[in-house]
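Listed here are the chains, written in short residue letters.
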Amino acid sequence: MNIIKGVLLPLCLINSTVFASDFFKDANGSLTARNYYLDREFTDFKAIPGAKDWAQGFILNLNSGYTEGPVGFGLDIIAMSSIKLHGSDKYLSTGLLPTDPITRQRTKTASEIGATGKIKYQKSELKFGTVQPWNPIVFSSPTRLLPQTYRGVLFDSKDIEKFDFIAGYIDQVNHRDSTNYEDMAIVGANGRFKVSKTDSLSYIGTKYSYSPATQVGLYHGIIRDIYHQSAFTFKNNYKVAEDTKLLTDLRFWHSKDDGKSTSGRIDNTLLTGNLGVGYKNHTLTFSTMQNIGDTAHPYLTGGEVLLFIDGWSVDFLNPKEKVYGLRYDYDFKDYLPGLRFMTRYTKGIDINLPHLGGNNLKEDSLDFDIQYILQTGQLKGLSLRARHMISDNNFHQSASFKPAKETRINIDYTWKF
């Protein structure tokens, strides 16, 4: 990988006595073991029963400090492995394991390694190589066995008080169920767009923290020859009383086709609003999402959109779709610290997909999520999580998202060193 060679060469030329300082002293590492079971059962589709896999993953992160001097150099390494515990070609891929698209055969074991060079000056940092961006334009999805990674260059500066400036250029993606880098592509779910690929994504953005409770963000990205996109975010936590707070989370995207428009016309404005009330251990949140324009909201394959309404197997991003949701969270910290529960109901209406049944379609999802993280003892930090979803829609059976019942079980543990 040329970009990795560009990282290693200048680091190797630095005097070894420099490396003996903060480069090693500030180094840290972690090893995450993740056991993941995903079972999605289609409830009214007979041709294929669903998607099911069980796998064990390992994620090793080794992060150096920086060399001494006004400009510091560093190097991070990420190594990942997956092991198939169960996976049958009777079922569709779940995104946990590398899978042959024709035979649906799962790879028994797979491994990969990535390197990230980093340069720091004051509070500005440049990273290049294997990167994991996290912003409303593009982010590395962590929702399967192994995280999605990208190849590119990221810049982050916090030199101006209360401001965080970011920029990035990405040319390849390594998906969650792959060990190979490839061109990025637009999601064509439900036949909403013609699937096409791009060889570059660039973005710029800033976040202003008025206070620890209030942040505003503005971002713009170009997915070359497919679409360009602007995003605005606003978050605020307002303390009404000692035990009561109001939560506001507003997000806005505006997307239009770009350059050669290889995926066809793109015209979407996505408005999301999330208003919550937290009282002691309870949080109740009302959410809405409005798709305005002639097309669906565009995003890249292998991941999701940074939404509070985060459907596990439903994206609620179809043309004209209006979405409403109610979510309830409870923290058992007064009884069993580390135990949390969440349930939510989300409904989408007025969906315009003539090729899948009409212009007044609907879908919904009922989700349950319970997680326990050990707080003490030798296995402190061990995470046990179970999720269950029941989704339904009145789309044609050829739709990408089908009515289903889904169960996910995760066991995660991270050693830090």
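Attention in this report is confined to the structure presented alongside it. Owing to the predicted nature of the structure, the values given are computational and were not obtained by experimental measurement. (Residues numbered from 1 in each chain as written. Predicted model: local features only at pLDDT ≥ 70, side-chain atom pairs only at ≥ 80, totals over all residues. Heavy atoms only, no water.)

1. Describing the nonpolar core
Among the nonpolar cores identified, the biggest contains 35 residues, and Leu201, Tyr203 and Met289 are the most heavily contacted of them. Every element with two or more residues in this core is listed here: strand S6 (149-157), strand S7 (163-174), strand S10 (201-211), strand S11 (214-223) and strand S12 (227-241). With three residues, S7 is the largest single contributor of residues to this core. If we skip the residues at most four places from it in the chain, Met289 touches Leu270, Leu271, Thr272, Leu307, Ile309, Asp315, Phe316, Leu317, Glu321, Lys322 and Val323. (Core = buried A, V, L, I, M, F, W, Y, C linked by side-chain atoms within 4.5 Å. Buried < 20%, exposed > 50% of the residue type's maximum accessible area, 1.4 Å probe, protein only. Helix = DSSP H or I, 4+ residues; strand = E, 2+ residues; numbered from the N terminus. Contact = heavy atoms within 4.5 Å.)

2. A closer look at a nonpolar patch on the surface
Taken together, the side chains of Leu218, Phe232, Phe252, Leu271 and Ile292 make up a nonpolar region of the molecular surface, amounting to roughly 410 Å² of accessible area. Within the fold, Phe252 resides in strand S13 (residues 244-257). For Phe252, a relative accessible area of 31% puts it in the partly exposed group. (Patch = residues over 30% accessible without salt bridge, like charges linked within 9 Å, V, L, I, M, F, W, Y side chains within 5 Å. Areas by Shrake-Rupley, 256 points an atom, 1.4 Å probe, with all protein chains shown as cover. Salt bridge = Lys/Arg side-chain N within 4 Å of Asp/Glu carboxyl O.)

3. Some details on the pairing of strand S5 (residues 124-131)
Strand direction decides the pairing type here: strand S4 (residues 109-121) and S5, joined by six bridges, are antiparallel. Bridged to Ile119 within S5 is Leu126. Hairpin remark: S4 followed by S5, antiparallel, with two residues in the connecting loop; positive phi at Gln122, about 55 degrees. Direction of pairing for S5 relative to S6: antiparallel, over a ladder of eight bridges. Looking at the pairing, Gly129 lines up with Gly152 of S6. (Pairing = 2+ DSSP bridges.)

4. So, the pattern of salt bridges
Per the stated rule, a full pass over the model turns up 25 salt bridges. A salt bridge links Lys158 to Asp156, with the nearest nitrogen and oxygen atoms 3.1 Å apart. Residue Lys158 is classed as partly exposed on the basis of its relative accessible area of 42%.

5. As for the environment of Lys280
Relative to the helices and strands, Lys280 resides in the loop between strand S14 (267-279) and strand S15 (282-292). Spatially, the C-alpha atoms of Lys280 and Tyr330 are 9.2 Å apart, while their sequence positions differ by 50 residues.

6. Details of the pairing of S10
Sheet topology places S7 next to S10; eight bridges connect them, and they run antiparallel. Looking at the pairing, Phe165 lines up with Thr206 of S10. As paired strands, S10 and S11 are joined by ten bridges and run antiparallel to one another. Bridge assignment links Ile204 to a residue of S11, and that residue is His220. Taken together, S10 and the strand that follows it, S11, pair antiparallel across an intervening segment of two residues.

7. Some points on the environment of Asn174
You can see Asn174 is positioned in strand S7. The buried category is assigned to Asn174, whose relative accessible area is 2%. Residues Asn174 and Gly302, 128 residues apart in the sequence, show an inter-C-alpha distance of 8.9 Å. For Asn174, the contacting residues outside a window of four places in its chain are Glu112, Gln148, Thr149, Thr179, Asn180 and Tyr181.

Nothing here speaks to function; it is all geometry.
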